[in-house]
Amino acid sequence: MLDKTYDAASVEPRIYETWEKAEAFKAGAGAKDGADAFTIVIPPPNVTGSLHMGHALNNTLQDILVRWKRMQGYDVLWQPGTDHAGIATQMVVERELAADNKPGRRDMGREAFIERVWEQKRKSEGTILGQLKRLGASCDWSRTEFTMSPNLSDAVLKVFVDLYKEGLIYRSKRLVNWDPKFETAISDLEVENIETDGHMWHFKYPLADGETYEYVEKDEDGNVTLRETRDYISIATTRPETMLGDGAVAVHPKDERYKPIIGKLCEIPVGPKEHRRLIPIITDEYPDPDFGSGAVKITGAHDFNDYQVALRGKIPMYRLMDTQGSMRADGAPYTEEAQKAQAIIDGAQLTINEIDEINIVPDELRGLDRFAARKRVIDQITAEGLAVMVPANYPDVAWMKGQAPEWDETGKAKIRKLGEDEEGPAALPMVESKKIMQPFGDRSKVVIEPMLTDQWFVDAKTLAEPALKAVQDGDTKFVPGNWDKTYYNWLNDIQPWCISRQLWWGHQIPVWYDEDGNEYCAMSEDEAVEMSGGKTLMRDEDVLDTWFSSALWPFSTLGWPHQTPELERYYKTDVLITGFDIIFFWVARMMMQGIHFMKEVPFHTVYINSIVVDKNGKKMSKSLGNVLDPLEMIASYGADATRYALASQEVQGRRTLRMSDQAAEGGQRFATKLWNAARFAEMNGCGRVEGFDPSATKHTLNRWIATEMGKCIAEVTQALDDYRFNDASGGIYRFTWNTFCDWYLELAKPIFNGDDEAAKAETRATAAWAIDEILKVLHPFMPFLTEELWERLGDEGQKAGELLMLSAWPKPLVSDESAAGEINWLVDLISEIRSVRAEMNIPAGAKVQLVVVGANDVSRSRIATHEPAIQRLARAEEISMADTAPAGAAQIIIGEATICLPLAGVIDLAAEKARLSKDAGKLEADISKIEKKLSNPKFVEKAPDEVVAGEREKVAESKEKLDKINVALSRLAEIG
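Residue positions are given per chain, counted from 1 along the sequence in the order it is written. With pLDDT at 70 or above as the cut-off, local features in this predicted model cover only qualifying residues; side-chain atom pairs require 80 or more to be listed or tallied, and sums for whole chains, interfaces and linings still use all residues. Hydrogen atoms and water are omitted, and side-chain values are computed over all heavy atoms in the structure.

An unreviewed UniProt entry lists the chain under the name Valine--tRNA ligase, with Roseibium alexandrii given as the organism. UniProt positions are given in the numbering used here, feature names are shortened, and annotations may be inferred rather than shown by experiment. According to the UniProt record, the Subunit (unreviewed entry) comment for the chain reads "Monomer."

Encoded structure:
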């Protein structure tokens, strides 16, 4: 006998253990001979990570598909594994070493540190995998892989060596994102651009040799608004410390203001006066004539936009900082280095590496932190009178008259009130206070520095061409389809892929160097030594970007580079489920590598799931305190409830999914509803009957539920085929809660309690069969509850004989439209009467008369057959037929018949009309107020997105309520 309540906390771990003991997750489990393969590779979580809500959604969707396909008879492989997560894992270990007061990695040495990281891997890997199991993930855990396992490492080495030999991997000095805390290059995905308070400083770059020119500004009509003789060109910058590395000043070729000085030289206004560097004034399309002064300083070694200008204009690029973000302290004294830089302006031809050796940081700034250097640079320029000055009451300066500037440790301006004896200046340096987007390392939390360094790159453009064509030709499709545009945009504008990282944890680059710097790329050091003719070699210390190894995931996990049976059987894989933020970083790279090495796309479909946000639409963040822990949610509501809450809200094409405790509570209520329905059926003697055939049933009610069950099966199957997870979960929810629980079981009660033994036996068997079908269709969404009920319902009837998860996916078996039409008519009739009762505020205990007008023979017959049910469920006292509608009656139309509810004496019509009118007036006022707010462009632009969305939801909800009230008022008007 089923327990009174369902206890997810005790059932779910036990059920999972049952599945594992039965090896039900292994590839091919439950598949018939000759079955087609269905393969999904899990997006490998970080080996030191823990389950977050994004993981929970992504893995729930994958599990829904693999459980469904397994039940359809496919040979299913859900390939699991973890990623070594280079920078994240190294950070965890270094943090633990520091917390334990143990030597750091540089003190330990590379070999000892890596062994320590392996210890951490062995200790922590089980955490994330165990959490996935708690969610219900049915991966083939016997095949769990790791991106640094021996076989996968062989795959990484082979891909690197092959691409190197093909000329598609090379070493070059290029601009990259540099993390000064971890002292490594990082990918764009590891950079968070955060809006911060910043400043824009305006400085003068004097023209060489005291030259002057006529500076003229004009309005849109060509009228002169300003004319003055200048001996400088003005630039603006948010990073004054990078001025030291300027290679040129650029203006737009159509900017008439600067035509007289294009090709002239100007002086960088910082550093020893006698050794000031001169740089050319050039033209480029990049500067915007309408922004600021229209002149832009070009610091190619420290800005991505400037880097492109420098490449186009062959402008020298000077690296100013060391790996920790401090101003360089190496090299010869500044006077010597500045002469080398000046020689380039005078025509000396130096390579990019030779230029990189030049340290043009003035001696007094060397070794300073970059932000401390910023303050010094600003102070020096201002003291020399080369800051652009504006009146002290100029609205955009960072401080106003009567106040003076101070500086914080990052070089940002603060303000202080002047003392009694201090006098405010008439003019101040022009410093605009403004919001700026600043790049931070997502893990280090320090400001990222664009920096010119030697790195290894993949010729991504060449590899991208067939990857682009594959999607254009339909070999791989995105769901929703609009994401292919994102894919095209990235691949059409693709840059060389930086694959090297200055870490110790990861796949070490398989390149060795001799004392002359010659490169030898090989699978092993012995092979490299042989290639060199026996020379002593030194291996490159860098490791590969984590995305390099994960790009091979769909085939390396199947045994490649060895030609394994699994590789032949399960590649290409079927569906990849992932987030839109890694379409380029992972999806595109898997496409490139899969096509290049396997000569076939790695998957035929890429489903882009939503990003999980909180109930208000905000991104989850520890700093905001709105992070939902899926494990805590599972502990409170159960894995099934959490899974269902996620799947039911996963709307194809919607970018965000709002998750909350309330959503999980809804999933829990659904589980409870089904459990209670199963208990009710069990208590009424409904047990599984061997060989039961729903198509052989005779009772209309039973043929109706079998028909509706078939429609539900077809609906859910089609929705899963189309990756419409919310529609699939909604279909099974509506059938289970409304059709089966609220209507079928309710309508079956008189049969269960009646004397017709044949009808009773058939209905009991049908109810048990319908519950089994529900369990099958619901299983992919709520696997634990359904597996438990599948087994426990055999306590009173026939045993299941096999695990639910390995049973066959159901098919529609009955289609009796006559029976369906009759019972659905009955359901519509009772539902409409209940709606009128609710709208008219008829007391729940009050019984009403029903007068039926215009009914044909079919409707009359149905009313006669189902009169007891109508009276019981609609709280009807008497049902009569009439030729005309009685006065003072609410009317509803069911088919050709009009159903009248005489309400005189049942409710106070005038009072009810007044109540509804008052409610309608309040809703109209609320709607008007919110719509006025939403029509204000300033509100929509400035208010947070989640606030605007919330206001729109309020309007929609209020309008829905108002529509219902207006329907009720119209009914009252008809009554009179």
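The rule is short: rings of Phe, Tyr and Trp, with Trp giving its six-membered ring, pair when the centres are within 6.5 Å, and they are stacked under 30 degrees, edge-to-face over 60, tilted in between. In the structure shown here, the tally under the stated rule is 38 aromatic pairs. A centroid spacing of 6.5 Å and a plane angle of 35° characterise the contact between Y16 and F784, whose relative ring orientation is tilted. Linking Y16 in helix α1 (residues 8-21) with F784 in helix α24 (residues 783-792), this pair joins segments that are 768 residues apart in sequence. Exposure categories follow from relative accessible area, calculated using a 1.4 Å probe and restricted to protein chains: below 20% of the type maximum is buried, above 50% is exposed, and the middle band is partly exposed. In this structure F784 comes out as buried when scored by relative accessible area, which is 1%. On the numbers, 6.4 Å between centres and 65° between planes, the contact of F38 with Y74 is edge-to-face. Within this pair, whereas F38 is found in strand β1 (residues 37-41), its partner Y74 is found in the loop between α2 (53-71) and β2 (75-79), the two being separated by 36 residues in sequence. Of the aromatic side chains, those joined through ring pairs into one cluster are F160, Y164, W456, W497 and F548. As a reminder, the over-ring test applies to NZ of lysine and CZ of arginine, requiring each to be within 6 Å of the ring centre and within 35 degrees of the ring normal. In this structure, K121 is placed above the aromatic ring of F146, and the distance from its NZ or CZ to the ring centre is 4.5 Å. Strands are runs of DSSP state E lasting at least 2 residues, helices are runs of H or I lasting at least 4, and numbering of each runs from the N terminus.

Formed by 212 residues in total, the largest nonpolar core has its most connected members in F160, Y487, F548, M659 and F740. Ranked by the residues each element gives to this core, the list is headed by helix α22 (residues 725-753), at 13 residues. For M659, the contacting residues outside a window of four places in its chain are M53, V612, V613, D614, K615, M620, L628, M633, T642, A645, L646 and Q649. Residues V251, I268, V270 and M451 belong to the second largest nonpolar core, which totals 46 residues. Here, nonpolar core means buried Ala, Val, Leu, Ile, Met, Phe, Trp, Tyr and Cys residues that are tied together by side-chain atoms lying within 4.5 Å of each other. In what follows, residue pairs with any heavy atoms lying within 4.5 Å of each other are defined as contacts.

Before going further, it helps to examine the sheet that holds strand β25 (residues 519-521). What makes two strands pair is DSSP finding at least two bridges between them. Strand order in the open sheet made by the three strands is β25-β24-β26, with antiparallel pairing throughout. Two strands close off the open sheet at either side, each with one partner strand: β25 and β26 (538-539). Sheet topology note: the strand β24 (residues 511-513)/β25 ladder contains three bridges and is antiparallel. Residue pairing across strands places V511 opposite C521, the latter belonging to β25. Axes here refer to lines fitted to C-alpha atoms; in helices the fit is confined to the stretch in contact. Angles between the N-to-C directions go from 0 to 180 degrees. This element, helix α6 (residues 150-165), spans β24, β25 and β26 of the sheet and lies at about 130° to β25. Sitting on the sheet, helix α13 (residues 525-532) touches β24 and β25, and the angle it makes with β25 is about 135°.

The next subject is the state of the cysteines. We call a pair of cysteine sulfur atoms a disulfide when they lie within 2.5 Å. Under the criterion given, the structure shown has zero disulfides. A disulfide-free cysteine, C498 has its sulfur positioned 16 Å from the sulfur of C521, the nearest such atom. Residue C498 is classed as buried on the basis of its relative accessible area of 13%.

Attention now moves to the UniProt feature "short sequence motif: 'HIGH' region" (unreviewed entry) in the chain. Using the residue numbers shown here, the UniProt feature "short sequence motif: 'HIGH' region" (unreviewed entry) corresponds to residues 45-55. For residues 45-55, helix accounts for 27% and strand for 0%, while the C-alpha atoms at its two ends are 8 Å apart.

With respect to the element layout, D772 can be found in helix α23 (residues 757-778). According to the relative accessible area criterion, D772 is buried, its value standing at 9%. Those residues in contact with D772, other than ones at most four positions away along the chain, are R688 and W790.

What follows covers the environment of E23. Note on placement: E23 falls in the loop between α1 and β1. It is 52 Å that separates the C-alpha atoms of E23 and K961, two residues lying 938 residues apart in sequence.

This paragraph deals with helix α8 (residues 334-345). With 12 residues, α8 should reach 16 Å at 1.5 Å per residue; the first-to-last C-alpha distance of 17 Å fits that figure. Summarising the contacts, the buried residues of α8 are in contact with β13 (278-283) and α9 (352-357). Count one or two residues on from α8 and you reach G347, which has phi positive near 115°. Here, expected helix span is obtained from the residue count minus one, scaled by 1.5 Å.

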